[in-house]
Structure formats: structure tokens, C-alpha cells
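# Working through the structure, step by step
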Amino acid sequence: MRMLAKVFLILVVGAAIGFANSAGNDIVSYDNYQVLRVSPQNEAQYNVLVELYDGGKFDFWAKPSKISPADILIDPGHQKSIQEYFQVNEIPFTTMIPDVGRLISEQKINHDLTSDMNWDDYQTIETIYDWLDSLVISHPNLVSITTIGQSTEGRDLKVVKISTGGDNKTAFWIDATIHAREWIAPSTATYIINELVTKSENYAHLLSVLDFYILPIINTDGYVYTHTTDRMWRKTRSDHDSPFGCRGVDANRNFGFHWGERGSSNDKCDETYRGPEAYSEPEAFVMKEFIVNNRETIKWDTYITLHSYSQLWMTPWGYTKDLTEDYQELVSKNFIFQAGRGSAYFFLNLKR
């Protein structure tokens, strides 16, 4: 049975090569795509899923885990074969989303290029940037913007500083949208900005001891591409000469610290492609440069990066199972967050 499963895996993965790696500008349709929720019941079934995940040819929204299901986006051409593959390996699965394209079409996108910002719709980069600029005008003693660099396609990367001034304050960093399709991330980052700025009196204590630095859109090129061409695009939009025309790098795996280790791919068509070298992507490089080059004048204290999906509060490290020195403090912060939020979040060390 195991040999049959391996042969079937080769056939399924081989047929899927190049899937969802469009390099062109034609609008990508996800009509009749499905998301399967797959629940391994034992070590052998978990290993089967890991093998499929490591093949890099399917889009795992939630990767294989021993404690929670994996969610996999499947195109119409491979739904029958992948379901047969799970059946051969006796792995339970359900159809979580029967038609991804229908859900995408139902999303309301505000394409008004004014500063009419709201949190009822997902916003374009133009609307977000116009709104940020308006905050500087309306709250000049509280808000400033620094353009820390440009993306591959020349778009600005804007860091918003929220500060009431004063000395001896520590800095709280928040970034979002390193993965382009995670639209709730910039919505959350801009919501935080709006709260701190327009309701600053409610956060007077925080602002008396902290300066906030918020980068709401790291992957600007990819974010624009999700609005114009491919809603499910994840990576940057750089070109590293893939023979198959695959574009982009997972900028989250492009940083220099333990670059190229497990959890990233050297396959240019893979969603977790790490790039040809550390900091090959200007988006990762300029963010690192801003943080590192200012560490003598900015007292960095807290770093949070916003992602979707899953209800996870994740802590370092990603390269080892060793815990950080402040792990217990991070655990306590998670409990405080959950108590205030009223929602259930899994607390998870990245490597565990």
C-alpha cells in the first residue's frame, strides 16, 4: 500500500507542476477551486501529508501538523486525484470551501482613490496611502511618515511613526502584508493606526511610554498584484530567471538570520522560495536596514508581525526548538491578549 501511495503521489505532484505560478497579467480565476481540510490520525498519515507539502506543488493554507488539520487549495483538475490519494492513504478529509472563486467575487473592494478609508471593505494601496498622508496633515504633532525604500517595482514602503514626543521612550514595531494575499493584515495594521491616532486619549498611557512604528504593507508589489491579477498571490513580484516563468520570493524567508534552512525552498516556483540569497528582495533589505541602522537612537523593545490565516500567537525561534530567554514573558502576554480579545488563539513556538 505504501509503494502504491508513493507512485500515486508522483503522478499527482507531477501533474501539478507550475500550478498557480502565473507570471503574466491575465486575471487568474479561482472558480471551482476547493479547499480541503485534511486531518491525519497517526504518524504515518502525518508523514504522507508532510511529503506532499515538501513537494511544494500544492498551496497549503495551513501546513501539516500533528495537532491540527491541514488546509489545501486544490484546482479543479486535481480534485479527483488528490482525493483518491487521501483515500488510498486512509486520511480523513472534508471540503471546507467548495468554490473559492465565489468567495473572492463576494469580497467588496473599495477602488475609490480618495482618502475615504473604512474597515468595512478591503482597501487598495492607493486608498491606504492617501489615508496615511491625510493623518500627517490632520495630526502633525502625533503622526509622521518615513519612506524607508522602494519595492522591486518602485513602490514606496512607508513606516508610520506615532509619537507624542519626549525622551526615554521605547519603541513598538508592527509590520504587515509580507505575504500579499493576507488582506486582513493591512486592515488590522491600519485599524491599529486609526485607534492610536484618532482616539489617542484612550491610549494616553501607552503613548506616554511607547513610540509606535508601523509598516502596514511590506510586500507592496504583491499586494497590488492581488488586487489586479491574482487574489491568491503570496510572494513578491521579483524576477529571478525561472525557466518556467515563475516570479517572486517569499520575503518572509529572505531575511539573513539562518537563511536557507528548513522551512524554505530553493525552488523558484515554490510558495516558500527563499530567493537566490539573503536580502535579495528590497522589501526585506530596507526593513532590516531601517531597524538595524536606527537601533542606537530608537530603543526597540517589541516586534510584532501580522499574518493570516489561523488563530495563532507565534513566538521565536523558527530555526530551533530552543526557547527564547523571555519565553515565559511571551506566554503571559498571550494570556493577557486572549483575555482582552475574547477569542481563542493557539500559543505556538514556531519550530514546535
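Scroll up to find the structure.
Below or above, wherever it landed, is the structure these notes cover. (Residues numbered from 1 in each chain as written. Predicted model: local features only at pLDDT ≥ 70, side-chain atom pairs only at ≥ 80, totals over all residues. Heavy atoms only, no water.)

### Quick look at the sheet that holds strand E3 (residues 70-74)
Whenever strands of a sheet pair, they do so through backbone hydrogen bonds, lying parallel or antiparallel. Heads up, the rule is: Two strands form a pair only when DSSP identifies at least two bridges running between them. Secondary structure elements follow DSSP: runs of H or I no shorter than four residues count as helices, runs of E no shorter than two count as strands, and numbering proceeds from the N terminus. Axes, fitted as lines to C-alpha atoms, cover a helix only where it is in contact. Angles between the N-to-C directions of the axes lie from 0 to 180 degrees.
Here four strands make up an open sheet; going across it, the order is E2-E3-E1-E4 and the pairing antiparallel. Looking along the sheet, the strands with just one partner apiece sit at the ends: strand E2 (59-62) and strand E4 (93-97). Neighbour-to-neighbour, the strand axes of this sheet turn through a mean angle of 35°, independent of strand direction. Where strand E1 (residues 34-38) meets E4, four bridges bridge the pair, whose relative direction is antiparallel. Directly across from Arg-37, in E4, lies its bridge partner Thr-94.

### A few points about the packing of helix H5 (residues 125-138) against helix H8 (residues 220-228)
Each pair of packed helices can be described by the angle between their axes along with the distance between the axes. Here is the rule: Should an angle lie under 35 degrees it is considered roughly parallel, over 145 roughly antiparallel, and from 65 to 115 roughly perpendicular; all remaining angles are considered oblique. We call two residues contacting when some pair of their heavy atoms lies within 4.5 Å.
The interhelical angle for the contact between H5 and H8, taken along N-to-C directions, is 125°, at an axis separation of 10 Å. One finds that H5 runs oblique with respect to H8. Counting all contacts with H5, which are made through Ile-125, Ile-128 and Tyr-129, the residues of H8 involved are Thr-220, Tyr-223 and Val-224.

### Here we look at empty space enclosed by the protein
Using the following cut-off: As defined here, a cavity is a set of points on a 1 Å grid over the protein atoms alone where a 1.4 Å probe fits but cannot get out. A pocket is an open set with protein on both sides within 12 Å along at least five of seven lines, and residues line them when an atom is within 4 Å of a point. Grid points are joined across faces, edges and corners, and a volume is the space filled by probe spheres set on the points. Residues are grouped as follows: nonpolar covers Ala, Val, Leu, Ile, Met, Phe, Trp, Tyr, Cys and Pro; charged covers Asp, Glu, Lys and Arg; every other residue, Gly included, is treated as polar.
One pass over the structure, following the stated rule, counts three cavities of 30 Å³ or more. Space inside the second largest cavity adds up to approximately 50 Å³. Taken together, Met-117, Asn-118, Trp-119, Asp-121, Gln-123, Ile-128, Pro-186, Ser-187, Thr-190 and Tyr-223 make up the full set of residues lining the second largest cavity. With three residues, the single largest contributor to the lining of the second largest cavity is helix H6 (residues 184-198). Per-class residue counts for the lining of the second largest cavity are five nonpolar, four polar and one charged.

### With respect to the nonpolar core
What counts here: Residues grouped as a nonpolar core are buried Ala, Val, Leu, Ile, Met, Phe, Trp, Tyr and Cys residues, joined through side-chain atoms within 4.5 Å. Categorising residues by exposure relies on relative accessible area from a 1.4 Å probe, with only protein chains included: less than 20% of the type maximum marks a residue as buried, more than 50% marks it as exposed, and the intermediate range marks it as partly exposed.
Formed by 28 residues in total, the largest nonpolar core has its most connected members in Ile-128, Leu-132, Ile-162, Ile-193, Val-197, Phe-212 and Ile-214. Mapped onto this core, the elements with two or more residues apiece are H5, strand E8 (156-162), strand E9 (170-176), H6, strand E10 (210-215) and H8. The element best represented in this core is H5, accounting for six residues. Once residues within four sequence positions are removed from consideration, Phe-212 is found in contact with Val-160, Lys-161, Ile-162, Phe-172, Leu-196 and Leu-207. Core analysis: the second largest hydrophobic core is formed by 17 residues, Ala-171, Ile-218, Val-286 and Ile-291 among them.

### Overview of the sheet that holds E9
With mixed pairing, five strands are arranged side by side in an open sheet as E7-E8-E10-E9-E11. The sheet terminates laterally at strand E7 (143-150) and strand E11 (299-306), the two strands that pair on one side only. Across this sheet, the average inter-strand angle for adjacent strands is 20°, counted without regard to direction. Pairing of E8 with E10 involves three bridges; the strand directions are antiparallel. From the neighbouring strand, Ile-162 faces E10, where its bridge partner is Phe-212. With respect to the sheet, helix H9 (residues 282-293) is in contact with E7, E8, E9, E10 and E11, its orientation differing from that of E7 by roughly 130°.

### Some details on H5
Put simply, the rule is: An expected span of 1.5 Å times one less than the residue number is assigned to each helix.
Spanning 14 residues, H5 covers 20 Å between terminal C-alpha atoms, matching the ideal 20 Å at 1.5 Å per step. Within H5 the residues assigned to the buried category are Ile-125, Thr-127, Ile-128, Tyr-129, Trp-131, Leu-132 and Leu-135.

### Description of the environment of His-139
Examined against the element boundaries, His-139 turns out to sit in the loop between H5 and E7. Taking the C-alpha atoms as reference, His-139 lies 9.7 Å from Ile-162; in sequence the two are 23 residues apart.

### Overview of unusual backbone geometry
The general pattern is negative phi for most residues beyond glycine and trans for most peptide bonds. Cis geometry is adopted by the peptide bond preceding Trp-317, which originates at Pro-316 and carries an omega value of 5°. If you trace the backbone, Trp-317 turns up in the loop between strand E12 (312-315) and helix H10 (327-341). Residue Glu-90 is not a glycine yet carries a positive backbone phi of 55°. With respect to the helices and strands, the residue Glu-90 is situated in the loop between helix H3 (79-88) and E4. Overall, Glu-90 belongs to the exposed group, its relative accessible area being 61%. Positive phi outside glycine occurs at His-258, with the angle close to 55°. Position of His-258 among the secondary structure elements: in the loop between H8 and H9.

### Re the pairing of E10
With six of six residues buried, E10 lies mostly within the body of the structure. Along E10, one buried face is formed by Leu-210, Phe-212 and Ile-214 and the opposite face, lined by Asp-211, Tyr-213 and Leu-215, is buried too.

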